[in-house]
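Observations on chain architecture
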Amino acid sequence: MALTYNIQRQKRIVDGRYVAVALLICSLLLWGAGALFYTTSSQGLYSPEWTQGWLFAVDSLLMRFVALLLYALTAILLSSYLMFERRASWQPFMMLYLVAANFSIQADVMAALTQLLMVVALGLSLRIDYAADERGAIFSQFAFVTASSVLFPQFLLLLPLLFIYPAQCGRLSLKSFFAALLGIAMPVWIGAALLYLFPALHPMLDTLKLWLNDLLQTPSVVVTPSMLLRLCAEPLVTLPAIVHFLFTATVGRTHLRRRVAFFITVYVVLWLAGWLRPELFTLYFVWRLPIISLLAAYIFPALPAKTSNIYFIAAMLVWAASATLELWIA
C-alpha cells in the first residue's frame, strides 16, 4: 500500500525534485522581461502620498530589486507557517512566479512591503495556538496592525478579521477582547504623542483622513484589461482549492483545518474588498498572492496524478499567457 502511494506521488509533477528550480527560473525570466520590456510606470501607485517623492526619485531597476527581496522574504516567511500535514517545498517559488507574472506590481516597493506586513499580521494570529495566555498574542497582533495602518490605512480592513481565528479556537473571551482594544489604543496614543511633539509628521495624518473620507464614497467598478486578466487566471487555482477543502476531509488535523479556513476567509474578504474599493484592486490582489500560493500548494498534491499534472500545467500556462498579454497591452 505504501509502495503504491509513493509511486503515485512520483508520477505527479508537483512531487518532483526540480519543480522549485523550474518555478524559480520561470520567475526570474518573467522578472527580466518586465525590467526590459514593461514600460508602464507603477512605482508607488498604491502608496501613501508621503512616499511619492522619494519613490519616483529612485532608479527603476533598484526598485525592482528591492521589491523582489521583499516578495522573497514574504514567500519564505509564509512557507514557515505550518498549514498542511506535508509541506510543499515549491510553494515559496510559486508565489514568486505569481508575482513575476504580473508586471505592473514588480517594481511597486510599497505594495511588496504591505504584503510582507500583512503576512506577518496573519502569522501573529497563528501564534495563539502556542500561547499559554491568548491575551498577549491578541494584544500584539492588534497593536501591530493598528501601527501599520498609521502608515498604510488599508490595514484597517484587517482589524475585524483578526477576531476570526481566536473565535475559531474558542479563545475569544471578554478579557481577550479588551486586550484587542488595548492593542488598538496603544499605537493611537503613541501616534498622538508623536504628532504633538513632531508637527512635521502631520502629512501622515492627512493621508489617513483622505483615505477615510474616500471610504465613505461608493465608486463604480471599472474592469480594466489588466484586472480582467487577473480575474480569469486567479480563480483557476483558488476556486477548486476552496471547493475541495470544503467538501473533503483533506487536511485532517483540527488546528490545521482552522488555519486553512482562516486564510480562505481572509482571501474572500480581500477579493470582495477589491470590488468595493476598485482603486485598491491591485493592492488587495497583491495581498491575495501569498494565499493563492498556499491554496496551490494544497490543491495540486491533493488530486490524482494525471489530473494534477494537467491542472498544474494548465494553470501555469494561463498565468504565463496573462503576463504575455499584459506586456502586449502595456
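Everything below is about the structure shown above.
Keep in mind that this is a model prediction, so the values were computed, not measured.

Some details on the packing of aromatic side chains
For the coordinates displayed, the defined rule picks out 17 aromatic pairs. Pairing W275 with F281 gives two aromatic rings, centres 6.2 Å apart and planes at 75°, and the pair type is edge-to-face. By relative accessible area, which is 25% here, W275 ends up partly exposed. Arranged with centres 5.2 Å apart and planes meeting at 85°, the rings of F300 and F312 form a pair that is edge-to-face. Residue F300 is found in helix 15 (residues 281-302), and its partner F312 is found in helix 16 (residues 305-329); the two are separated by twelve residues along the sequence. Residue F312 is classed as buried on the basis of its relative accessible area, which comes to 8%. A connected cluster of aromatic rings, assembled from ring pairs, spans W90, F300, Y311 and F312. Taking NZ or CZ as reference, R257 lies 4.2 Å from the ring centre of F245, over its face.

A closer look at helix 10 (residues 174-197)
The end-to-end C-alpha distance of helix 10 is 35 Å, a good match for the 34 Å that 24 residues give at a rise of 1.5 Å each. Considered for burial, the residues of helix 10 that qualify are S176, A179, A180, G183, A185, P187, G191 and L195.

Some points on empty space enclosed by the protein
Tallied over the full model, the rule gives one cavity of 30 Å³ or more. The calculated volume of the largest cavity comes to roughly 40 Å³. Considering the residues around the largest cavity, the lining is formed by A101, N102, L229, R230, A233, W319, S322, A323 and E326. When contributions to the lining of the largest cavity are tallied by element, the ones reaching two or more residues are helix 12 (225-233) and helix 16. The element best represented in the lining of the largest cavity is helix 16, accounting for four residues. Looking at the lining of the largest cavity residue by residue, the classes come out as five nonpolar, two polar and two charged.

Section: the pattern of salt bridges
Tallied over the full model, the rule gives six salt bridges. Here R12 and D15 are joined by a salt bridge, their closest N and O atoms 2.9 Å apart. Both residues of the pair, R12 and D15, belong to the buried class. A network of salt bridges, in which partner residues are shared, links R12, D15 and R86.

Structural notes on the packing of helix 4 (residues 60-79) against helix 6 (residues 109-126)
The geometry of helix 4 relative to helix 6 is characterised by a closest axis approach of 9 Å and an angle of 15° between their N-to-C directions. One finds that helix 4 runs roughly parallel with respect to helix 6. Crossing handedness for the pair helix 4 and helix 6: left-handed. Contacts between helix 4 and helix 6 pair M63, V66, A67, L70, Y71, L73, T74, L77 and L78 from the former with V109, A111, A112, L113, Q115, L116, V119 and V120 from the latter. Split by residue class, the contact of helix 4 with helix 6 holds 15 nonpolar, two polar and no charged.

Cut-offs applied
- Residues numbered from 1 in each chain as written.
- Predicted model: local features only at pLDDT ≥ 70, side-chain atom pairs only at ≥ 80, totals over all residues.
- Heavy atoms only, no water.
- Phe/Tyr/Trp six-rings, centres within 6.5 Å; stacked < 30°, edge-to-face > 60°.
- Buried < 20%, exposed > 50% of the residue type's maximum accessible area, 1.4 Å probe, protein only.
- Helix = DSSP H or I, 4+ residues; strand = E, 2+ residues; numbered from the N terminus.
- Lys NZ or Arg CZ within 6 Å of the ring centre and 35° of its normal.
- Expected span 1.5 Å × (residues − 1).
- 1 Å grid on protein atoms, 1.4 Å probe; cavity = no way out; pocket = protein on both sides within 12 Å on 5 of 7 lines; lining within 4 Å.
- Points joined across faces, edges and corners; volume = space filled by probe spheres on them.
- Nonpolar A, V, L, I, M, F, W, Y, C, P; charged D, E, K, R; others polar.
- Salt bridge = Lys/Arg side-chain N within 4 Å of Asp/Glu carboxyl O.
- Axes fitted to C-alpha atoms, helices over the stretch in contact; angles between N-to-C directions.
- Parallel < 35°, antiparallel > 145°, perpendicular 65-115°, else oblique.
- Left-handed = near helix turned anticlockwise from the far one by under 90°.
- Contact = heavy atoms within 4.5 Å.

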